[in-house]
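Observations on the three-dimensional arrangement
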Amino acid sequence: MKSPIRVAVTGAAGQIGYALLFRIASGAMFGPDQPVILQLIEAPVEKALKALEGVAMELDDCAFPLLKGIVQTSDPAVGFKDANWCLLVGAKPRGPGMERADLLKDNGKIFIGQGQIIDAVAAADARIAVVGNPANTNCMIAASQAKRLPADRFTAMVRLDQNRAQSQLAIKAGVDLTKVSDIFIYGNHSPSMFPAFAHAKIDGKPATSVITDTAWLQTTFCETVGKRGAAIIAARGASSAASAANALTDHVRSLVTPGAIHSIAVKSNGAYGFDADVWAGMPVRTTTPGSYEIIQGYAMDDFAKSKIAATNKELVEERSFVASMLTS
Ligand code: NAD
Ligand code: LMR
């Protein structure tokens, strides 16, 4: 039996937390032979901490063989202590009529403090995955506070967008979901994101040779994927939770699986024209568990270049918006 790894989760009593923790404890995230200790962090608010007690009771009641301990705390120094993975979910969700960037003022500061504490107390091999919105820029904020942990340990989630794009292509082509591959998300987790359909494959063939309606690909498809979060809020009255928890499970599972090719938001190295130092979605290949290389060299036509320029511009603007927060 492997030794347990420590997995810290913020916002553990929230909507996503409730759908996520049971997947981690069941082995869906780290594999069926990897025991885990869950370090659950909530805001120092009585209602949230009480709800967390209930969630911990339910985890006990599942009798998961891989779950070797549960820590419940509102103190991030306790919750992130020796953590091998820090899953940063805890943040305000948006409501109807808001964009995710509208959350930056309130949520951004959470990631300053958490970035500092993770850098001080997490395990030497710590990996950080950010879900709280706006995820790309919050990830950049957390990474900016780290002196010990390198920036490539900090990733943000665009896997929900990749999964959404895969489903939409399968529905349009009338094929089983498993026939769709190589669909990657570039840029921000916002309506400006670019699902690069020209590289996607359907049953091994270029998606553009199966779905020949270019207007649909450039407009309906990109908009449906980009605005899916808002559509779910409009329908459900609350933001996506189960699908977000599922996407984070996929994000981490792919990151611990050498050879996996998937979309994550990482610190730009200038590839595809993204500004250095923004966190942008792009395709990566997992090298060793928790590490990855950016896949470079996908050719971009003029349409793709203009979409990437627009999403890059938004990321640069978000970075400027929080610049004073990073140094104060
Ligand atoms: P929620 O309101 O149900 O839960 C958030 C939880 O975080 C609450 O329990 C709250 O008490 C806690 N929290 C707040 N500040 C905290 C802090 N400083 N430390 C620890 N816990 C803290 O929200 P949710 O639906 O679970 O969504 C969480 C975040 O994830 C939101 O920002 C949402 O927009 C985002 N989200 C991102 C994606 C994505 O694809 N990147 C998808 C869905 C949701
Ligand atoms: C999503 O994409 O579902 C989340 O980012 C929640 C939101 O605010 O859209």
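The structure under discussion appears in the preceding block.
For every chain, the first residue of its written sequence is number 1, and the numbers climb from 1 along that sequence. Lettering for chains starts from A, numbering for ligands starts from 1, and both go in the order in which the items are written. Note on the predicted model: pLDDT of at least 70 is required for a residue's local features to be given, and 80 or more for side-chain atom pairs to be given and counted; whole-chain, interface and lining totals, by contrast, use all residues. Calculation of side-chain values draws on the structure's entire complement of heavy atoms; hydrogens and water are dropped beforehand.

Right, let's talk about the side chain of S239 for a bit. With respect to the helices and strands, the residue S239 is situated in the loop between α9 (228-236) and α10 (242-255). Those residues in contact with S239 that sit more than four places away from it in its chain are Q15, P93, I232 and I233. By definition, any uninterrupted DSSP run of H or I lasting at least four residues is a helix, any uninterrupted run of E lasting at least two residues is a strand, and each is numbered from the N terminus. By the convention used here, residues are in contact when the closest approach between their heavy atoms is within 4.5 Å.

A single heavy atom is enough: if one lies within 4 Å of a molecule or strand, its residue is considered near that molecule or strand. Close to ligand 2 lie R94, R100, N133, L160, R164, H189, G229, I233, S239 and S240, which account for all nearby residues. Within the side chain of R100, one N or O atom sits 2.8 Å away from an oxygen atom of ligand 2. Polar contact is the term for a pair of N or O atoms within 3.5 Å; when the atoms are in protein, one must be able to donate a hydrogen and the other to accept it, and sequence-neighboring residues count only if both atoms are side-chain atoms. In the model, an oxygen atom of ligand 2 is placed 2.7 Å from a nitrogen or oxygen of the S240 side chain. Protein coverage of the free-state accessible area of ligand 2, which is 260 Å², stands at 94%. When residues of the shell around ligand 2 are traced back to their parent elements, those giving at least two are α6 (159-173) and α9. Looking at the shell around ligand 2 residue by residue, the classes come out as two nonpolar, five polar and three charged. The source of the domain bounds is an automatic or database domain assignment. When residues of the shell around ligand 2 are sorted by domain, at least three fall in each of domain 1 (5-156) and domain 2 (159-321). The accessible surface values rely on the Shrake-Rupley method and a 1.4 Å probe; as for residues, cover is taken only from the protein chains in view. Any residue outside Ala, Val, Leu, Ile, Met, Phe, Trp, Tyr, Cys, Pro, Asp, Glu, Lys and Arg is labelled polar, Gly included; the first ten of those are nonpolar and the last four are charged.

This part is about the site of ligand 1. Around ligand 1, 28 residues are found, and the nearest of them are Q15, E42, K92, V131 and N133. Within the contact set of ligand 1, a nitrogen atom lies 3.3 Å away from a backbone nitrogen or oxygen of G11. V131 is positioned such that a nitrogen or oxygen atom in its backbone is 3.2 Å from a nitrogen atom of ligand 1. The protein chains hide 85% of the 860 Å² of surface that ligand 1 would expose on its own. Those elements giving two or more residues to the shell around ligand 1 turn out to be α1 (15-26) and α4 (104-121). Ranked by the residues each element gives to the shell around ligand 1, the list is headed by α4, at three residues. Here the shell around ligand 1 is composed, by residue class, of 14 nonpolar, 12 polar and two charged. Counting contributing residues per domain, the shell around ligand 1 is built from domain 1 (5-156) and domain 2 (159-321), each supplying no fewer than three.

With that settled, the discussion passes to the environment of I264. Structurally, the position occupied by I264 is in strand β12 (residues 261-267). When a residue's accessible area, from a 1.4 Å probe over protein chains only, is under 20% of the maximum for its type it is buried; when over 50% it is exposed; and in between it is partly exposed. Overall, I264 belongs to the buried group, its relative accessible area being 0%. Along the sequence, I264 and M282 sit 18 residues apart, while their C-alpha atoms lie 5.9 Å from each other. Every residue in contact with I264, bar those within four places of it in the chain, is listed here: T155, A156, V158, H251, L255, A280, G281, M282, V284 and Y292.

An ideal rise of 1.5 Å per residue puts 28 Å on 20 residues; helix α11 (residues 302-321) measures up with 29 Å between its terminal C-alpha atoms. Where α11 is concerned, the buried positions are A304, I308, T311, N312, L315 and E318. For α11, the angular spread of buried residues about the axis comes to 115 degrees, placing them on one side. Of the exposed residues in α11, those oriented more than 90 degrees away from the buried face are D302, K313 and F321. N-cap assignment for α11: the residue whose side-chain oxygen lies 3.2 Å from the backbone N of F303 is D301. Here the expected span of a helix is defined as 1.5 Å times the quantity of residues minus one. It is the directions from the helix axis to the C-beta atoms whose arc is reported.

What follows concerns the nonpolar core. What tends to happen in soluble globular proteins is that the nonpolar side chains get buried as a cluster. Nonpolar cores are built from buried Ala, Val, Leu, Ile, Met, Phe, Trp, Tyr and Cys residues. Side-chain atoms within 4.5 Å join them into one set. The biggest cluster of nonpolar side chains holds 99 residues, and the ones touching the most others in it are V7, L21, I24, F30, L87, Y186 and L248. When residues of this core are assigned to domains, at least three map to each of domain 1 (5-156) and domain 2 (159-321). In this view, L21 contacts V9, A12, L38, L40, V55 and L59; residues no more than four positions away in its chain are not counted.

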